[in-house]
Amino acid sequence: MARGRATWKKYFEVKHLIAALFRGLEDHAPAISRLMRFYSHEGPHGDMTIIMDKNIPLNLDQPPYDEAYQALTMENVDGVEDKDLGRMVHLLAALTGPVTIHGHTSRAVDAGSGRMLGFDKVRARWGRSCHPMPSIKRPEETSQIAIPVPPFSNYYHMLIDFLLPHVVTCLAHKELFARGLIFCTNREFPAVDFFVDILNQEGIPASTKKLKPTDMLKAPQSFMTRIKASSTEHRYAYEEGMELLEPYLEKVTQNIPGHRLLYLKRGTTKLRKLRNADEVNDMMSAEGFHLAEFGWQDFKNQIAAFRHADLVVGTHGAGLSNIVWKKHGNLLEIFPRNARKTVYLNIAARRQWTYGYHFAGPEGHNQSFEVDVEALRQSVRQQREVT
């Protein structure tokens, strides 16, 4: 997961001033801001039923992962979320009363209060989920429970923070979703289609609806989840729910060929590039690894590739989220030595993977860095010995 821009730079942007103007309208002339479909106040629905509320302890700092945890907490750049949670991860899920889904933000709004739905009362920042767009269209209506899918640009956040928590909760409480589910999106998400198929096979009527920016959809209920931890890197905590998906994962991927040794390339990303990527690719190929590069459209192939692999090697990045698809794998994660994170150590510990790390050179512009190819070769060979 990429680190954000410096805070001071954001205050010199024109959109920061525009956001302040619209927030003022919302506070003092809400009728006008609603006509503009601008909503920045976020909070609980007036009619909300909690269906899950539990704490799950972390295990990435326990044997056999404690040594790796200690190494990764030095030169660490993990995001901070709620320090009061300590070693606990808090999972929440709720069904709400009537909402309107707005296509330009793909967010649900409580028509009664005018708040975007959330578990806490906060003020949303200007961005993809908070900006105005007037529309003269009449809202459509559905009888199903709506799940608005935010316009994610990061595969990890889409999969780990949003889709999987929603799906595994639905599978664990099927009786609550008998009226059906409708996933509302404003872009194509093959992963959503994948899970819609699973829900239908489990007897939960499910479908997708793509909303244009000017579209609105009224629904009698919405479904929402939230995972919160002391660090933004530790939100994966629903191991029991993954067991409900296992039969489908096995069925879908059993006829897709794979490779025992998998090296995940960084591809065309702007961040965290390897400056000597060609040399690293040549070495990994010589060591017998299949070199892979996936996009958002390759969802089933990503699942299959990681389920078939005995050893996965890759630079820290969202593509490593795919270790979630099976238990008992083996991961070697590459970091710049001065920018370490524990996000995939957390998933590896939950899914009982063997975990190793390799520290390369320091990161520079756009978090790019260089790898000592021979040192990496030795780390790869050592990691293979525990496969």
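This is a predicted model, so every value here is computed, not measured. (Residues numbered from 1 in each chain as written. Predicted model: local features only at pLDDT ≥ 70, side-chain atom pairs only at ≥ 80, totals over all residues. Heavy atoms only, no water.)

### Brief notes about unusual backbone geometry
Among all residues except glycine, the phi angle is most often negative; among peptide bonds, the trans geometry is most common.
Here comes step 1: Along the chain, Pro-63 connects to Pro-64 via a cis peptide bond; the corresponding omega equals 5 degrees.
Here comes step 2: Its location among the elements puts Pro-64 in the loop between β2 (48–57) and α4 (66–72).
Here comes step 3: Positive phi is not limited to glycine here, since Glu-75 has a value of about 50 degrees.
Here comes step 4: You can see Glu-75 is positioned in the loop between α4 and β3 (88–96).
Here comes step 5: The class for Glu-75 is partly exposed, based on a relative accessible area of 48%.
Here comes step 6: Here the phi dihedral of Ser-106 falls at roughly 55 degrees; this positive angle occurs in a residue that is not glycine. (Helix = DSSP H or I, 4+ residues; strand = E, 2+ residues; numbered from the N terminus. Buried < 20%, exposed > 50% of the residue type's maximum accessible area, 1.4 Å probe, protein only.)

### Examining the pairing of strand β10 (residues 181–185)
Here comes step 1: Judged by how many residues are buried, β10 sits mostly within the fold: five of five residues are covered.
Here comes step 2: Taking every second residue as pointing to the same face, both faces of β10 are buried, with Leu-181, Phe-183 and Thr-185 on one and Ile-182 and Cys-184 on the other.
Here comes step 3: Inspection of the sheet shows strand β9 (residues 145–148) paired to β10 by four bridges, in the parallel sense. Among the inter-strand pairings, Ile-147 is bridged to a residue of β10, identified as Phe-183.
Here comes step 4: As paired strands, β10 and strand β11 (residues 206–210) are joined by five bridges and run parallel to one another. For Leu-181, the partnering residue across the bridge sits in β11 and is Ala-206.
Here comes step 5: Handedness of the β-α-β unit built from β10, helix α6 (residues 190–201) and β11 comes out right-handed. (Pairing = 2+ DSSP bridges. Right-handed = clockwise from strand over helix to strand, strands pointing away.)

### Remarks on the sheet that holds strand β6 (residues 115–117)
Here comes step 1: Taken in spatial order, the seven strands of this open sheet run β7-β1-β6-β5-β4-β12-β8, and their pairing is mixed. Each edge of the open sheet is held by one strand with a lone partner, namely β7 (122–123) and β8 (140–141).
Here comes step 2: Pairing analysis gives two bridges linking strand β5 (residues 107–110) to β6, with the strands arranged antiparallel. By the bridge assignment, Asp-110 is partnered in β6 with Arg-115.

Read these as geometric descriptors, not functional statements.
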